[in-house]
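The primary structure of each chain is shown beneath.
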Amino acid sequence: MQLNRRSALPVLRATVAIAASMIVLSAVARDSVAPRSNPLFRDRFTADPAPLVVGDRLYLYVGHDEAQRDEMFNMREWLVYSTTDMATWVDHGPIMKATDFAWAKGDAWASQAIAKDGRFWFYAAVEHDDTQPGKAIAVAVSDSPTGPFVDAKGSALVTNAMTPRGTHSWEDIDPTVFTDEDGTTWIAWGNRQCYIARLKPNMIEIDGDITEITPPHFEEGPWLHKRGTLYYLTYASLDRSTHRDEKVSYATAPSLQGPWTYRGELTGSGKYSFTIHPGIVEFKGHWYLFLHNAALTIGDQNGAIGRRAVTVEHLQYNPDGSMKPVLQTEAGISVPRSTAQTVAGD
Ligand code: FUB
């Protein structure tokens, strides 16, 4: 169709009007996403959140989910975000690829970073090459929380062969690291079996025995933290006799050596997600529980086991130190802490 100058003008005006209204609409759509609501990041699929506070900034390390179609997992790199107010997040991009560990085949699974002696130590699960088949735990180091991180050891910190009592080749995943009052750093990890060990001061070697501390219904994703005098082991749990998807449960102890007492479920399952992964932190006087679900859709890609989205909720404690059950919401921490619902759902 050919347009002359007269008939072209109204068409042009209409086109400009439509374009303008689309810009307004997209701005409205963007603005309608309340800061602090869930999921936290909407342009990429993210999983396995691990918070770290450095000064007045909270850094959040996540795995980058890139599964296509029905692929289970496709995780090649870790990303880091940071915030000073839990509302505005800075995207620092990828900090490392699983294959940056020369001995690893891939699989940038769950991680946690910790600060020690002025440096940042990054522990992560990867797939080992065929010299040590199975999952393994890697350790990398950087002078900055945003990297660049480099392999700190040149070999795995934990291999499948170091936990021979385990029942499968992917039990050595999901490291959590915690420095106790005496300055000793501990590492716990596992899938189905949960292990704990001391790290040497060099942060790249296990010191002494690996002990099994598997709590009830333990599946994976352990997270160690301390509040007051109580130590917490929070984890993805699965009671296979009654449930299909993981929830979060926890145990407490008077010391990292135990004895650990099971305290029940902290959350229900993440929406549409088989996995869930707790990361707990105190930031500027408030406690937060990071998780993931699979409720995010980006373009024509819907949430799935390998396309997850990181979320955050207020975390509150009872006077006896137990954690109040957390309801996972879209509102997240956009609602005041005092009105946050604390009822576990399915
Ligand atoms: O993200 C890959 C694996 O799924 C993690 O290592 C587990 O914790 C589960 O979230």
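Treat the numbers as computed from the prediction; the structure is a model and nothing was measured.

**Student:** Could you clarify how one ought to interpret the overall build of the protein chain in this entry?
**Tutor:** A tally of helices and strands in the protein chain yields one helix and 20 strands. Counting all 346 residues of the protein chain, 53% fall into the buried class. Considering only intrachain contacts with a sequence separation of at least 6, the fraction spanning at least 24 residues in the protein chain is 49%.

**Student:** What is the right way to look at the environment of Ala108 in this model?
**Tutor:** Along the chain, Ala108 falls in the loop between β5 (104-106) and β6 (111-116). For the pair Ala108 and Val126, spaced 18 residues apart in sequence, the C-alpha to C-alpha distance is 5.5 Å.

**Student:** I keep staring at the packing of aromatic side chains and nothing clicks. Help me out?
**Tutor:** To describe a pair of aromatic rings, one takes the distance between the centres and the angle between the planes. For the structure on display, the rule yields 15 aromatic pairs. On the basis of an interplanar angle of 40° and a centroid distance of 5.9 Å, the ring pair of Tyr61 and Phe122 is categorised as tilted. Here Phe122 lies in strand β7 (residues 119-128) and Tyr61 lies in strand β2 (residues 57-65), a separation of 61 residues in the sequence. As far as burial versus exposure is concerned, Tyr61 and Phe122 are alike and both buried. A ring pair is formed by Phe122 and Phe149, whose centres lie 5.4 Å apart and whose planes are at 45°; its orientation type is tilted. In this pair, Phe122 is assigned in strand β7 and Phe149 in the loop between β8 (135-142) and β9 (150-151), connecting sequence segments 27 residues apart. Among the aromatic side chains, those forming a connected cluster through ring pairs are Tyr61, Trp78, Phe101, Trp103, Phe122 and Phe149. One cation-aromatic arrangement involves Arg227 over Tyr317; the distance from NZ or CZ to the ring centre is 4.0 Å. Sitting over the ring of Tyr288, Arg337 keeps its end group 5.3 Å from the ring centre.

**Student:** Please clarify how the site of the ligand should be interpreted in this entry.
**Tutor:** Taken together, Asp48, Phe73, Met75, Trp109, Ala110, Asp174, Glu220, Thr275, His277, His292 and Arg308 form the complete shell of residues around the ligand. Within the backbone of Ala110, one N or O atom sits 3.4 Å away from an oxygen atom of the ligand. At 2.8 Å from an oxygen atom of the ligand is found a side-chain nitrogen or oxygen belonging to Arg308. Protein burial of the ligand: of its 270 Å² of free accessible surface, 99% is covered by the chains. Residues belonging to the shell around the ligand are distributed by class as follows: four nonpolar, three polar and four charged.

**Student:** I would appreciate a short explanation of the pattern of salt bridges in the present structure.
**Tutor:** Opposite charge on two side chains allows them to pair when their charged atoms are near. Enumeration according to the criterion identifies 17 salt bridges in this entry. Here Glu212 ties to Arg165 by a salt bridge, and the two come within 3.6 Å at their closest N and O atoms. Note that Glu212 is positioned in strand β13 (residues 206-212) and Arg165 in the loop between β9 and β10 (176-179), a separation of 47 residues in sequence. Owing to a relative accessible area of 33%, Glu212 belongs among the partly exposed residues under this scheme. Since its relative accessible area comes to 59%, Arg165 is described here as exposed. With a closest N to O distance of 3.6 Å, Asp245 and Arg244 form a salt bridge. With relative accessibility at 68%, the residue Arg244 sits in the exposed group. Ionic contacts of the salt-bridge type, sharing partners, join the residues Asp107, Glu127 and Lys135 into one network.

**Student:** In this structure, what is going on with the sheet that holds strand β3 (residues 75-83)? I would like to understand it.
**Tutor:** Remark on secondary structure: sheet strands pair via backbone hydrogen bonds, oriented parallel or antiparallel. Read across the open sheet, the four strands follow the order β1-β2-β3-β4; overall the sheet is antiparallel. What marks the edges here is a single partner per strand, and that holds for β1 (45-54) and β4 (90-97). Taking the axes of each pair of neighbouring strands and ignoring which way they run, one obtains an average angle of 25° across the sheet. Two strands pair when backbone bridges link them, and β2 and β3 are joined in this way by seven bridges, in the antiparallel orientation. Within β3, the residue paired with Gly63 across the bridge is Trp78.

**Student:** So what exactly am I meant to see when it comes to the pairing of strand β14 (residues 218-227) here?
**Tutor:** When a strand is regular, its side chains alternate between the sheet's two faces. Of all ten residues that make up β14, nine are buried, and the element is covered over most of its length. Pairing of β14 with strand β15 (residues 230-237) involves seven bridges; the strand directions are antiparallel. Bridge pairing in β15 places Arg227 opposite Leu230. A loop of two residues connects β14 with β15, the two strands running antiparallel in sequence, and Gly228 in this loop sits at a positive phi of about 60°.

**Student:** I'm lost on the pairing of β6 in this one. Help?
**Tutor:** Within β6, five of the six residues are buried, which leaves it mostly tucked inside the rest of the structure. By the bridge criterion, six bridges tie β6 to β7 in an arrangement that is antiparallel. Across the sheet, the residue bridging to Ala115 is Phe120, located in β7. Counting the residues between successive antiparallel strands, the hairpin from β6 to β7 contains two residues, one of them, Asp117, with a positive phi of roughly 50°.

**Student:** Would you mind going over the nonpolar core with me for this structure?
**Tutor:** The nonpolar side chains of a soluble globular protein tend to be buried, and buried together. Within the largest apolar cluster, 43 residues are counted, with the highest numbers of intra-cluster contacts made by Tyr61, Trp78, Phe101, Phe122 and Leu315. The greatest single-element share of this core, amounting to five residues, is contributed by β7. For Tyr61, the residues in contact, after removing those within four places along its chain, are Asp48, Pro49, Ala50, Leu52, Leu79, Val80, Ile95, Ser111, Ala113, Phe122, Pro145 and Phe149. With 17 residues, the next largest nonpolar core counts Leu157, Ile187, Leu199 and Ile204 among its residues.

About the cut-offs
- Residues numbered from 1 in each chain as written.
- Predicted model: local features only at pLDDT ≥ 70, side-chain atom pairs only at ≥ 80, totals over all residues.
- Heavy atoms only, no water.
- Helix = DSSP H or I, 4+ residues; strand = E, 2+ residues; numbered from the N terminus.
- Buried < 20%, exposed > 50% of the residue type's maximum accessible area, 1.4 Å probe, protein only.
- Contact = heavy atoms within 4.5 Å.
- Phe/Tyr/Trp six-rings, centres within 6.5 Å; stacked < 30°, edge-to-face > 60°.
- Lys NZ or Arg CZ within 6 Å of the ring centre and 35° of its normal.
- Near = heavy atom within 4 Å.
- Polar contact = N/O pair within 3.5 Å; in protein donor to acceptor, adjacent residues only side chain to side chain.
- Areas by Shrake-Rupley, 256 points an atom, 1.4 Å probe, with all protein chains shown as cover.
- Nonpolar A, V, L, I, M, F, W, Y, C, P; charged D, E, K, R; others polar.
- Salt bridge = Lys/Arg side-chain N within 4 Å of Asp/Glu carboxyl O.
- Pairing = 2+ DSSP bridges.
- Axes fitted to C-alpha atoms, helices over the stretch in contact; angles between N-to-C directions.
- Core = buried A, V, L, I, M, F, W, Y, C linked by side-chain atoms within 4.5 Å.

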